[in-house]
Amino acid sequence: MLLLKLPTIMIICLLSTIIIESLIAFILKVRNKKDFINIILVNILTNPILVSTTLVLRYTAGYKVEKIATIILEITAFLVEGLIYKKTLEYKRTNAFLLSIILNISSCVFGILINHLIW
């Protein structure tokens, strides 16, 4: 059953993350088209790994393991994205790692809220 829903769940999560993080980046005055493309590409890289791993762990290892893994994966995503942003973004108004944590916390919080509303 999970395998049948996995592609839909992953697409919804990825699109939601891209929309939320792009909106927050715009609020933070990111205006360069290349920077938005980089933010989108970074999420295409990190989001599917995070979502698929946490979903598989939810159904195979249980809720506690999933939550611990989610925290570890979110921290890893923040660090990887921060490093990529530092190397690629022209946007310098905010430190790349601060931008990464703001974007990740925003999408994570909105994702949790949306998840509770839908499911």
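One structure accompanies this document, and this report is about it. Remember, it's a predicted structure, so these values are computed and weren't measured experimentally.

So, how was this worked out
Residues numbered from 1 in each chain as written. Predicted model: local features only at pLDDT ≥ 70, side-chain atom pairs only at ≥ 80, totals over all residues. Heavy atoms only, no water. Helix = DSSP H or I, 4+ residues; strand = E, 2+ residues; numbered from the N terminus. Rg over C-alpha atoms; globule rule 2.2 N^0.38 Å. Buried < 20%, exposed > 50% of the residue type's maximum accessible area, 1.4 Å probe, protein only. Contact = heavy atoms within 4.5 Å. Areas by Shrake-Rupley, 256 points an atom, 1.4 Å probe, with all protein chains shown as cover. Lys, Arg positive; Asp, Glu negative; His and termini not counted. Charge placed at Lys NZ, Arg CZ, Asp CG, Glu CD. Expected span 1.5 Å × (residues − 1). Bend = angle between axes of the 7 residues up to and from the residue. Axes fitted to C-alpha atoms, helices over the stretch in contact; angles between N-to-C directions. Parallel < 35°, antiparallel > 145°, perpendicular 65-115°, else oblique. Left-handed = near helix turned anticlockwise from the far one by under 90°. Nonpolar A, V, L, I, M, F, W, Y, C, P; charged D, E, K, R; others polar.

## Focus: the overall build of the protein
Now for step 1: If you tally the helices and strands in the protein, you get four helices and zero strands.
Now for step 2: Taken from the N to the C terminus, the helices and strands of the protein come in the order α-α-α-α.
Now for step 3: A compact globule built from 119 residues should have a C-alpha radius of gyration of about 14 Å, and the protein, at 15 Å, falls within 12% of that.
Now for step 4: Principal axes of the C-alpha set define a box for the protein whose edges measure 45 × 25 × 20 Å.
Now for step 5: Within the span of the protein, comprising 119 residues, buried residues form 34% of the whole.
Now for step 6: Taking contacts inside the protein between residues at least 6 apart in sequence as the whole, the part at least 24 apart equals 63%.
Now for step 7: Per element, the accessible surface of the protein, about 7700 Å² overall, is 76% carbon and sulfur.
Now for step 8: Computing the positive centroid from 12 side-chain charges and the negative centroid from 6, the protein places the two 2 Å apart.

## Some points on helix H2 (residues 33-60)
Now for step 1: If you check H2, its first and last C-alpha atoms are 41 Å apart, about what 28 residues at 1.5 Å a residue would give, namely 40 Å.
Now for step 2: The axis of H2 is deflected most strongly, by about 30 degrees, at Thr46, and proline Pro48 appears within four residues downstream.
Now for step 3: Residues Asp35, Phe36, Asn38, Ile39, Val42, Asn43, Thr46, Asn47, Leu50, Val51, Thr54 and Leu55 constitute the buried set of H2.
Now for step 4: Looking one or two places after H2, you find Gly62, whose phi comes out positive at around 105 degrees.

## Points about the packing of H2 against helix H3 (residues 63-88)
Now for step 1: Where H2 meets H3, the closest approach of the two axes is 10 Å, and the angle between their N-to-C directions is 165 degrees. The angle between H2 and H3 falls in the class roughly antiparallel. Note on packing geometry: the crossing formed by H2 with H3 is right-handed.
Now for step 2: Partitioned by chemical class, the residues of the contact of H2 with H3 number twelve nonpolar, seven polar and six charged.

The values are spatial; any link to function lies outside them.
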